Amino acid sequence: MTQTEHIVALVTGATGGLGTHMVKRLIHDGYRVIANYRSPQKAEEWFAEMKKEGYEPYMYQADVADYEEVGKMVEKIHNEIGVIDILVNNAGITRDMAFRKMGPESWDIVMKTNLYSVFNCCSHVIGPMVDQLYGRIINISSVNAQRAQFGQVNYAAAKAGMHGFTKTLAVEVARKGITVNTISPGYIATDMVLAVAEEVREQIIKGIPMGRLGGTDEIAHLVSFLASEEAAFITGANYAINGGQHVY
Ligand code: CAA
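These numbers come from a predicted model, not from an experiment.

Each helix and strand in the protein chain was counted, giving eight helices and seven strands. Taking 248 residues into account, the globule formula puts the C-alpha radius of gyration at 18 Å, and the protein chain, at 17 Å, falls close to it. Its C-alpha atoms give the protein chain principal-axis dimensions of roughly 50 × 40 × 35 Å. Relative to its full complement of 248 residues, the protein chain shows a buried share of 50%.

Printed below as a string of structure tokens:
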């Protein structure tokens, strides 16, 4: 019997590179972990792989960009599992291109998936968290919220928006036992980063003082720490984890 086994953790965009490791780590920590996904087909394959490795998170579908869909998912989770105690807003996409080529579709989908999603999920979980005087909200931003990256005007705007959101919500709910923090990963070995053209990626890695990409386990470790009881006094903070690529 662990102290965490009654605590419910929801990870959005769980089937991606970072999300997968977060789910594994939070299961190791003893939480009841819910994996949110958008694409049923990908989720089915992902769950089969996870199961082979001994992980069986609860699976809940919703496009986090859609306020109503998130509301239905959260209601279902509350009815079937319980109040969400830990929310990790991890879902995110890129539509990288020079700004001169960027149309409103690429702007909208990145803003909706990466930033509106944070509003959508927090909006639906915050009431029960306030009622129970306990909660952990962890928003996954990016090093590129604070440094410039050619081709990422939409992504940088959304990820930077998370910081303002985090700081203000943290202050609003500080007396309700809820912490709200941001993690800003640098370049981590995920499909998203591996999709960047090799020569561009090599250049980027040269600019990382540690000379390597980060590991998904390294981000998951930080999520685990911020979710823990011991992190109760940390709120409104941004944790940079980027191998020294951007220090401030
Ligand atoms: N630096 C300076 N100039 C650049 C450039 C760069 N990195 N990339 C392109 N340009 C220039 C080109 O030379 C070209 O110049 P001219 O108009 O004078 O000819 C102009 O910009 C347009 O170039 P492209 O037609 O190649 O631009 P594009 O719209 O096709 O896209 C890009 C360029 C593919 C986005 C490229 O810049 C790129 O790969 N950038 C890296 C994006 C990146 O790091 N993404 C991270 C993804 S992972 C992630 O986001 C996780 C995380 O949080 C860290």
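Still to come is the rest of the account.
Following both chains from N to C, one finds helix H1 (residues 17-28) and helix H8 (residues 216-227) inclined at 50 degrees, their axes separated by 8 Å at the closest point. The orientation of H1 relative to H8 falls into the category oblique. Handedness of the crossing formed by H1 with H8: right-handed. Of H8, the residues touching H1 (which contributes Gly17, Leu18, His21, Met22, Arg25 and Leu26) are Thr216, Asp217, Ile219, Ala220, His221, Val223, Ser224 and Ala227. Partitioning the contact of H1 with H8 into residue classes produces seven nonpolar, five polar and two charged.

The next thing to look at is the nonpolar core. Counting residues in each nonpolar core, the largest one holds 33 residues, and the members touching the most others are Ile77, Ile84, Leu87 and Ile137. For this core, the secondary structure elements donating two or more residues are strand E1 (8-11), helix H3 (67-80), helix H4 (104-132), helix H5 (153-173) and strand E6 (178-185). The element contributing the most residues to this core is H4, with nine residues. Setting aside chain neighbours within four positions, we find Ile137 in contact with Leu87, Asn89, Cys122, Ile126, Met129, Leu169, Ile178, Thr179, Val180 and Asn181. Counting 29 residues, the second largest nonpolar core, distinct from the first, contains Met50, Ile219, Ala220 and Ile234.

What follows is about the site of the ligand. The ligand sits among 20 residues. The nearest are Asp96, Lys101, Ser142, Tyr155 and Tyr187. In the environment of the ligand, an oxygen atom lies 2.6 Å from a nitrogen or oxygen atom belonging to the side chain of Ser142. Out of a free accessible area of 1,000 Å², the ligand has 60% covered by protein chains. Residues belonging to the shell around the ligand are distributed by class as follows: ten nonpolar, seven polar and three charged.

With that settled, the discussion passes to unusual backbone geometry. One non-glycine residue, Leu133, lies in the positive phi region at around 55 degrees. Relative to the assigned elements, Leu133 resides in the loop between H4 and strand E5 (135-140). In this structure Leu133 comes out as exposed when scored by relative accessible area, which is 52%.

Rules behind the numbers
- Residues numbered from 1 in each chain as written.
- Predicted model: local features only at pLDDT ≥ 70, side-chain atom pairs only at ≥ 80, totals over all residues.
- Heavy atoms only, no water.
- Helix = DSSP H or I, 4+ residues; strand = E, 2+ residues; numbered from the N terminus.
- Rg over C-alpha atoms; globule rule 2.2 N^0.38 Å.
- Buried < 20%, exposed > 50% of the residue type's maximum accessible area, 1.4 Å probe, protein only.
- Axes fitted to C-alpha atoms, helices over the stretch in contact; angles between N-to-C directions.
- Parallel < 35°, antiparallel > 145°, perpendicular 65-115°, else oblique.
- Left-handed = near helix turned anticlockwise from the far one by under 90°.
- Contact = heavy atoms within 4.5 Å.
- Nonpolar A, V, L, I, M, F, W, Y, C, P; charged D, E, K, R; others polar.
- Core = buried A, V, L, I, M, F, W, Y, C linked by side-chain atoms within 4.5 Å.
- Near = heavy atom within 4 Å.
- Polar contact = N/O pair within 3.5 Å; in protein donor to acceptor, adjacent residues only side chain to side chain.
- Areas by Shrake-Rupley, 256 points an atom, 1.4 Å probe, with all protein chains shown as cover.

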